[in-house]
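Secondary and tertiary structure notes
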Amino acid sequence: MSSSTTHRFPAHGDPECRVPAGAVLGEGLLWSTAEQALYWVDILGGRLHRHLPATRRNDSWEFGEPISAVTERAGGPGLLVALRSGLAFFNPAVGLDSLQLLCHPEPQLPGNRYNDGKCDRQGRFWVGSMDFDCVAPTGSLYRVDPDGHHSVHAQGIAVVNGPTWTLDGRTLLLNDTVQGCVYAHDFEPATGTLGERRLWLRLPEADGYPDGMCTDAEGRIWLAHWGGGCVSCRDPVSAEELGRIRVPARHVSNCTFGGADLDTLFISTARFGLTAEELAVQPLAGSVFAVRTGARGQVAALFRG
């Protein structure tokens, strides 16, 4: 597994509320280098959002069903989106009329929905699924090839989250959120196959549950803590915590680097599951936050379909 070139935790300020959206379940962060825009979703609100930092403009599209992950396409215009009904192409410039189903890996599991997903450097989309009630171990990790062919590579997980890769692309990290575990798999880039899983990190209960994550340009892993109110920065080999960024919302769901120089960490949060009393002291829950960390991210890989 690749190691980071430095163990220094980058300097940072306090996260700024960039989009006070009040999302039920903010997730699916993607920085578009081409558009200089942040795409993100409200899964349970069924909405895709786009934020342009330069102008503070916000656009949104409502799908009428859960939408959980987004990636840009290299083989055509627009995006590949993960809807509850399947993975589909969507062109924001055209709107909902552009929706075109690519594949639906698990139509036999109506109690599931898709969850987090990212592309590898070879242009394949890796997306997890989950039990809608976050209980039954019916979730899997799928690899979706550019032609729409899909294959399953991990099974028996209630809520699949992540994934991210180490800097050398030889290890895939994947979260079993309900069990509080992050697992590492040897990854073969040429074939897109995974080795047996090994425990990389188990979060103590007081730290919440591992949710979305990303890898910076020095190889450090940035992990969102659902129920833990923070993003932690970790060594890619040892999983040692190098530091953490506190977020003024308990449910921190995802993080990714963006901005013109890829030096801004965007963080999504959720209102889901919070009581009225908790929302009163967390009024910004469900917002998207931004913080300059002193670290830089990587350009997101594109789906080659």
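For the structure, check the block above.
Just so it is clear, the structure is predicted and the values come from calculations on it, not from any experiment. (Residues numbered from 1 in each chain as written. Predicted model: local features only at pLDDT ≥ 70, side-chain atom pairs only at ≥ 80, totals over all residues. Heavy atoms only, no water.)

Bringing a nonpolar patch on the surface into the picture now. Taken together, the side chains of V24, L44 and F272 make up a nonpolar region of the molecular surface, amounting to roughly 230 Å² of accessible area. Looking at the element boundaries, L44 is found in the loop between β3 (37-42) and β4 (47-52). (Patch = residues over 30% accessible without salt bridge, like charges linked within 9 Å, V, L, I, M, F, W, Y side chains within 5 Å. Areas by Shrake-Rupley, 256 points an atom, 1.4 Å probe, with all protein chains shown as cover. Salt bridge = Lys/Arg side-chain N within 4 Å of Asp/Glu carboxyl O. Helix = DSSP H or I, 4+ residues; strand = E, 2+ residues; numbered from the N terminus.)

Here we come to the pattern of salt bridges. Here the structure, examined in full by the defined rule, presents 17 salt bridges. For R18, the salt bridge is made with E16, and the minimal N-O distance between the two is 3.3 Å. We classify E16 as partly exposed; its relative accessible area is 32%. In this structure, R170 and E188 form a salt bridge, with 3.3 Å as the shortest nitrogen-oxygen distance. Of this pair, R170 sits in the loop between β14 (160-165) and β15 (171-176) while E188 is found in strand β16 (residues 181-188), placing the two residues 18 residues apart along the sequence. (Buried < 20%, exposed > 50% of the residue type's maximum accessible area, 1.4 Å probe, protein only.)

Okay, the environment of W40 next. Positionally, W40 belongs in strand β3. Along the chain, W40 and V70 lie 30 residues apart, while their C-alpha atoms are 7.5 Å from each other. Among residues more than four places away in sequence, those in contact with W40 are V19, A21, A23, G26, E27, G28, L29, R47, L48, H49 and V288. (Contact = heavy atoms within 4.5 Å.)

Purely spatial values, then, with no claim about function.
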